[in-house]
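One letter stands for each residue in the lines below.
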Protein chains: 2
Amino acid sequence: MDDLGQAGGTEPGDAPVRAARIQDVARLADVSTATVSRALATPERVSPEARARVLEAIAKTGYVPNPAARTLRSQKTYMVLVVLPDLANTFFSKILRGIEETLFEAGYGMIISDLDGSPEKEAHFAAFTAAGRVDGAILLNGHLFGQSREGEGQPARIGIPLVALCEAIPSADIPHIEIDNRAAASRMTQHLAGLGHRRITYVSGPANNILERERFLGFKDGLEAAGLPFDPALVIPGDYTIESGVAAGQGLVARTTRPTAVFCTSDEMAIGLMRTLLSAGLRVPEDISVAGFDDIEFAAVAEPSLTTIHQPRRELGQAAATVLIDLLQGRPAPKQIRLETELVIRNSVAPPG
Amino acid sequence: MDDLGQAGGTEPGDAPVRAARIQDVARLADVSTATVSRALATPERVSPEARARVLEAIAKTGYVPNPAARTLRSQKTYMVLVVLPDLANTFFSKILRGIEETLFEAGYGMIISDLDGSPEKEAHFAAFTAAGRVDGAILLNGHLFGQSREGEGQPARIGIPLVALCEAIPSADIPHIEIDNRAAASRMTQHLAGLGHRRITYVSGPANNILERERFLGFKDGLEAAGLPFDPALVIPGDYTIESGVAAGQGLVARTTRPTAVFCTSDEMAIGLMRTLLSAGLRVPEDISVAGFDDIEFAAVAEPSLTTIHQPRRELGQAAATVLIDLLQGRPAPKQIRLETELVIRNSVAPPG
DNA sequence: CTGAAAGCGCTAACAC
DNA sequence: GTGTTAGCGCTTTCAG
């Protein structure tokens with residue numbers, strides 16, 4: 001590694017440092033540049049002797065192939081774009097790690113696009129992608145480039161493999177890795193109902209969000225399975241953030257008749273909501289039960305610890321990366337993968353009063 | 001955007017779709033490829049008429065310059081590598097966002113390297129960098145490539161601008177963006193002492209970590225300023241994670257004589273520690289005060305809410321990116337930037353029982 | 001202000 | 001199994 005960025009074979013002194021090129025290696029190994037290239041890409045097609053000389057020359061020169069040249073010629077970048085709505089959101093970071101490690105093992109790099117709700121950024125990354133800077137993309141944002149919301153407008157045609165992660169993209173025919181949001185939400189709802197809760201508040205995700213729609217459907221499924229009526233007045237809008245959980249909590253505190261349980265569709269909201277309830281002198285779960293969704297790191301150490309739905313975040317990331325790599329390398333890949341969730345029972349939920 | 005990835009000017013039908021190249025634009029605008037290139041890079045050196053024709057042809061063809069070709073020729077990638085020890089750590093995500101947005105505005109892309117404690121990954125990214133895939137790098141991991149710990153071995157020579165963020169790199173002569181960890185830790189310690197605490201436990205970061213060293217020095221400074229002796233028995237080792245906070249809490253619970261206050265050098269540890277204390281029936285802050293460091297999102301909604309040191313994370317990221325961009329574009333940049341921290345007083349700290 | 005032409009460093013076709 | 005050669009698409013001299 002000491003020779004990085006240094007031309008090989010010559011002066012160790014202060015001579016102008018120049019990166020070794022394939023020519024330098026070829027000369028040193030006494031073969032053609034084509035053989036050097038082959039020794040690296042398809043070693044089995046090169047004689048053992050030549051290969052050994054090439055390898056030695058590479059070690060001596062510290063040669064590292066120039067990726068721009070390689071990309072220009074082979075039309076492959078070995079880069080994958082990961083598009084996500086919010087990099088600062090805890091929920092994504094572990095998924096990202098799962099993606100990164102899988103890509104890394106397969107020799108791919110990861111470029112991150114934090115959309116941050118900006119259409120300008122989206123256009124930029126669409127152009128970026130179209131320009132061939134990446135071989136494929138993983139979309140965590142629930143829609144294709146240039147398609148602000150489902151149905152509206154034609155998605156730009158991007159000629160590279162795409163994979164949707166977490167948020168399915170309804171109109172697009174691309175592989176999709178997800179959990180069964182509807183079933184999980186139903187399960188949590190039934191858990192609450194099974195404990196005896198009859199008035200259950202639902203704190204939603206952002207309107208029009210596909211996850212939200214699934215979870216909301218699941219909430220209603222659960223209610224129905226438990227023989228409970230659905231009361232729209234019991235729904236509080238949220239957007240998965242801590243702040244919206246705090247706001248939902250404030251609304252609850254202000255009311256005279258309160259639900260006995262609150263199902264928040266993200267742990268962030270649940271933690272923010274519990275905080276507000278506690279500050280107002282209410283007890284959780286004695287006065288009011290609170291459930292979350294996601295099982296982020298902080299759910300287990302919240303006070304009280306949070307009953308929630310566990311999502312295998314790292315595995316979701318790994319699965320998405322694996323599917324994309326298969327696609328990139330021309331292997332068949334499943335159209336859909338559903339990973340199992342788990343109901344995690346902790347201390348924020350108890351039978352009513 | 002509808003034309004992305006489609007050759008321009010010809011059939012709208014099912015003809016083989018091919019991305020437009022500079023040649024296509026040149027032909028359509030009736031100029032040479034050189035003029036197209038100049039119209040994009042140095043518009044002032046092209047006649048208004050020619051420029052207009054070129055722009056029109058670009059719009060018509062949906063031309064996007066091929067970055068690989070551009071990089072190969074100009075030796076610039078417009079990509080920046082961000083090296084960090086742990087992508088899943090909450091502390092980094094907001095910093096990352098600050099970096100990303102600043103880079104984006106300047107037209108640079110971001111490639112993330114999650115080291116994850118793996119020397120193999122480190123070697124890979126060193127090669128990656130040496131291969132010229134990025135124009136510069138921001139290092140959040142406290143050491144240079146190939147330099148496992150300060151002092152040991154020669155850092156690989158990477159011929160590109162580097163910026164250290166948060167963790168200074170002692171032996172390296174590169175710009176450094178940070179907070180005054182020592183002063184901040186001293187301030188918190190004095191705050192605790194000022195409230196009347198005499199036995200203050202310190203939960204450390206990882207051994208050999210430069211942040212840890214600074215904060216530890218600050219802790220001792222604060223003790224000294226308050227006229228308190230330093231007792232090594234009051235130091236508990238940690239590593240900034242929730243788990244290590246939980247472990248530290250268990251150690252504390254098991255003791256017969258306990259400190260009246262605990263200064264955790266990360267919010268994650270503080271939250272994990274509070275959780276353990278609370279579960280054991282101890283009250284925070286009545287029985288024991290707990291302070292954190294960083295002011296992550298969850299600090300404000302922890303129960304009790306956490307007294308901590310606020311770090312301007314987004315601004316740190318922005319500052320690092322700004323310095324790097326200045327360097328990349330040949331402008332002078334400061335050798336060091338120190339951003340202000342703030343003592344945030346919430347409910348986890350009170351005078352001793 | 002503009003065009004012709006020479007590569008940037010590599011891989012893939014094609015010959016042998 | 002190996003070498004020769006022709007580009008990948010762009011920027012950048014160098015002339016004019």
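Residues numbered from 1 in each chain as written. Chains lettered and ligands numbered in written order. Predicted model: local features only at pLDDT ≥ 70, side-chain atom pairs only at ≥ 80, totals over all residues. Heavy atoms only, no water.

> So, the overall build of chain A: which residues are in play, and what are the values?
Scanning chain A from N- to C-terminus turns up 11 helices and 12 strands. In terms of C-alpha radius of gyration, chain A reaches 27 Å, well past the compact-globule figure of 20 Å for 353 residues. Residues counted as buried form 54% of the 353 residues belonging to chain A. Considering only contacts within chain A whose residues lie at least 6 apart along the sequence, 73% involve residues at least 24 apart. Carbon and sulfur atoms provide 51% of the accessible area of chain A, an area that totals close to 15,000 Å². (Helix = DSSP H or I, 4+ residues; strand = E, 2+ residues; numbered from the N terminus. Rg over C-alpha atoms; globule rule 2.2 N^0.38 Å. Buried < 20%, exposed > 50% of the residue type's maximum accessible area, 1.4 Å probe, protein only. Contact = heavy atoms within 4.5 Å. Areas by Shrake-Rupley, 256 points an atom, 1.4 Å probe, with all protein chains shown as cover.)

> Would you mind going over the protein's contact with DNA strand C in detail, with residue names and values included?
Taken together, 23 residues lie around DNA strand C, and I22(A), Y63(A), R73(A), S47(B) and R73(B) are the ones closest in. Counted by atom, the contact set of DNA strand C within 4 Å of the protein is 62% sugar and phosphate. Y63(A) is positioned such that a nitrogen or oxygen atom in its side chain is 2.7 Å from a phosphate oxygen of DNA strand C. Within the backbone of A69(A), a nitrogen or oxygen atom sits 3.2 Å from a base nitrogen of DNA strand C. For the surface near DNA strand C, the secondary structure elements donating two or more residues are α2 (33–41) and α4 (67–74) of chain A together with α2 (33–41) and α4 (67–74) of chain B. Looking at which element gives the most residues to the surface near DNA strand C, the answer is α2(A), with 4 residues. Here the residues of the surface near DNA strand C sort into 10 nonpolar, 7 polar and 6 charged. (Near = heavy atom within 4 Å. Polar contact = N/O pair within 3.5 Å; in protein donor to acceptor, adjacent residues only side chain to side chain. Nonpolar A, V, L, I, M, F, W, Y, C, P; charged D, E, K, R; others polar.)

> Which residues make up the sheet that holds strand β7 (residues 235–236) of chain B, and what are the values?
All names here are of chain B. The strand order across the open sheet formed by 4 strands is β7-β6-β8-β9, and the pairing between neighbours is parallel. At either margin of the open sheet sits one strand with a lone partner, and together these are β7 and β9 (289–291). As paired elements, strand β6 (residues 200–203) and β7 share 2 bridges and run parallel to each other. Bridge pairing in β7 places Y202 opposite V235. Sitting on the sheet, helix α8 (residues 210–225) touches β6, β7 and β8 (261–264), and the angle it makes with β6 is about 170°. (Pairing = 2+ DSSP bridges. Axes fitted to C-alpha atoms, helices over the stretch in contact; angles between N-to-C directions.)

> Lay out the relation of the copies chain A and chain B with the relevant residues and their values.
Each of the two chain copies goes to the other by way of a rotation about an axis and a shift along it. By a simple turn and slide, chain A fits onto chain B: the slide is 0.1 Å along the axis, the RMSD is 0.1 Å, and the turn is 180°. The transformation just described matches what one would write down for a two-fold rotation axis. Interface overlap between copies is the fraction of interface residues in one copy that are interface residues in the other; for chain A against chain B it reaches 100%, indicating a shared surface. (Least-squares fit on C-alpha atoms with pLDDT ≥ 70 in both.)

> How would you summarise the protein's contact with DNA strand D if you had to cite specific residues and measurements?
If you check the shell around DNA strand D, you find 22 residues, and the closest are T35(A), S47(A), R73(A), I22(B) and R73(B). Near the protein, meaning within 4 Å, the atoms of DNA strand D are sugar or phosphate in a fraction of 61%, with bases accounting for the rest. The side chain of S47(A) places a nitrogen or oxygen atom 2.6 Å from a phosphate oxygen of DNA strand D. Taking R73(A), its side chain carries an N or O atom lying 3.3 Å from a base nitrogen of DNA strand D. Within the residue set of the surface near DNA strand D, elements represented by two or more residues are α2 and α4 of chain A together with α2 and α4 of chain B. Looking at side-chain class alone, the surface near DNA strand D contains 10 nonpolar, 6 polar and 6 charged residues.

> Could you give an account of unusual backbone geometry, with specific residues and numbers?
Each neighbour pair has its own omega, and for V284(B) with P285(B) the value is 5°, a cis peptide bond. For P285(B), the position within the fold is in the loop between α10 (267–279) and β9. That bond from E303(B) to P304(B) is cis: its omega, -5°, falls within 30 degrees of zero. We note that C166(A) has phi near 70°; this positive angle belongs to a residue other than glycine. Along the chain, the position of C166(A) falls in the loop between β4 (162–165) and β5 (176–179).

> Which residues make up the interface of chain A and chain B, and what values do they have?
Chain A puts 65 residues into the contact, and the matching count from chain B is 65 residues. A combined buried area of about 5,600 Å² lies between chain A and chain B, and 65% of that area is made up of carbon and sulfur atoms. Linking chain A with chain B are 10 salt bridges. Counting across the chain A and chain B interface gives 14 residue pairs in polar contact (both at pLDDT 80 or more). Of all elements in the fold, only α4, α5 (90–105), β2 (109–114), α6 (119–130), α9 (242–254) and α10 (267–279) of chain A reach the threshold of two or more residues within the side of chain A that touches chain B. Sorting elements by how many residues they give to the side of chain A that touches chain B places α6(A) first, with 9 residues. Looking at side-chain class alone, the side of chain A that touches chain B contains 37 nonpolar, 12 polar and 16 charged residues. (Buried area = accessible area lost by both parts, 1.4 Å probe. Salt bridge = Lys/Arg side-chain N within 4 Å of Asp/Glu carboxyl O.)

> An account of the packing of α2(B) against helix α3 (residues 48–61) of chain B is requested, with residue identities and associated values reported.
Residues and elements named next belong to chain B. The geometry of α2 relative to α3 is characterised by a closest axis approach of 10 Å and an angle of 90° between their N-to-C directions. By the angle class used here, α2 and α3 are roughly perpendicular. Contact with α2, carried on its side by T35, V36, A39 and L40, involves A50, R51, V54 and I58 of α3 and no other residues of that element. Of the residues that constitute the contact of α2 with α3, the class distribution is 6 nonpolar, 1 polar and 1 charged. (Parallel < 35°, antiparallel > 145°, perpendicular 65-115°, else oblique.)

> Go over the side chain of N181(B), please, and point to the residues and values.
Within the element layout of this structure, N181(B) appears in helix α7 (residues 181–194). Of the residues examined, N181(B) reaches a relative accessible area of 4% and is grouped as buried.

> A description of the sheet that holds strand β6 (residues 200–203) of chain A should follow, citing residues and the corresponding values.
Residue and element names in this part refer to chain A. Taken in spatial order, the 4 strands of this open sheet run β7-β6-β8-β9, and their pairing is parallel. Each edge of the open sheet carries a strand with a single partner, namely β7 (235–236) and β9 (289–291). Across 3 bridges, strand β8 (residues 261–264) lies against β9 in parallel orientation. Residue pairing in the sheet places V262 in a bridge with V290 of β9. Each of β6, β8 and β9 is contacted by helix α7 (residues 181–194), which is oriented at about 170° to β8, the strand it contacts most.

> Can you tell me about the pairing of strand β1 (residues 79–84) of chain B, naming the residues and giving the values?
Residues and elements named next belong to chain B. Of all the 6 residues making up β1, 6 are buried; the element is thus mostly covered by neighbouring parts of the structure. Examined bridge by bridge, β1 and strand β2 (residues 109–114) share 6 bridges and lie parallel to one another. Residue pairing in the sheet places M79 in a bridge with G109 of β2. Taken together, β1, helix α5 (residues 90–105) and β2 constitute a β-α-β crossover, and its handedness is right-handed. (Right-handed = clockwise from strand over helix to strand, strands pointing away.)

> So, helix α8 (residues 210–225) of chain A: which residues are in play, and what are the values?
Residues and elements named next belong to chain A. With 16 residues, α8 extends 22 Å from end C-alpha to end C-alpha; this agrees with the ideal 22 Å at 1.5 Å per step. Structurally, α8 contributes buried residues whose contacts are with α7, β6 and β8. The N-terminus of α8 is capped by N209, whose side-chain oxygen sits 2.7 Å from the backbone nitrogen of L211. A positive phi of about 75° marks G227, the residue just after α8. (Expected span 1.5 Å × (residues − 1).)

> I'd like a rundown of the nonpolar core, residues and numbers included.
Among the nonpolar cores identified, the biggest contains 93 residues, and I99(A), L165(A), F263(A), I99(B), L165(B) and F263(B) are the most heavily contacted of them. Ignoring any residue separated from it by four or fewer positions in sequence, one finds F263(A) in contact with A185(A), M188(A), T189(A), L192(A), I200(A), T201(A), Y202(A), V203(A), F219(A), A291(A), G292(A) and F293(A). Ranked by size, the runner-up nonpolar core spans 51 residues in total, among them A270(A), I288(A), A299(A) and L306(B). (Core = buried A, V, L, I, M, F, W, Y, C linked by side-chain atoms within 4.5 Å.)

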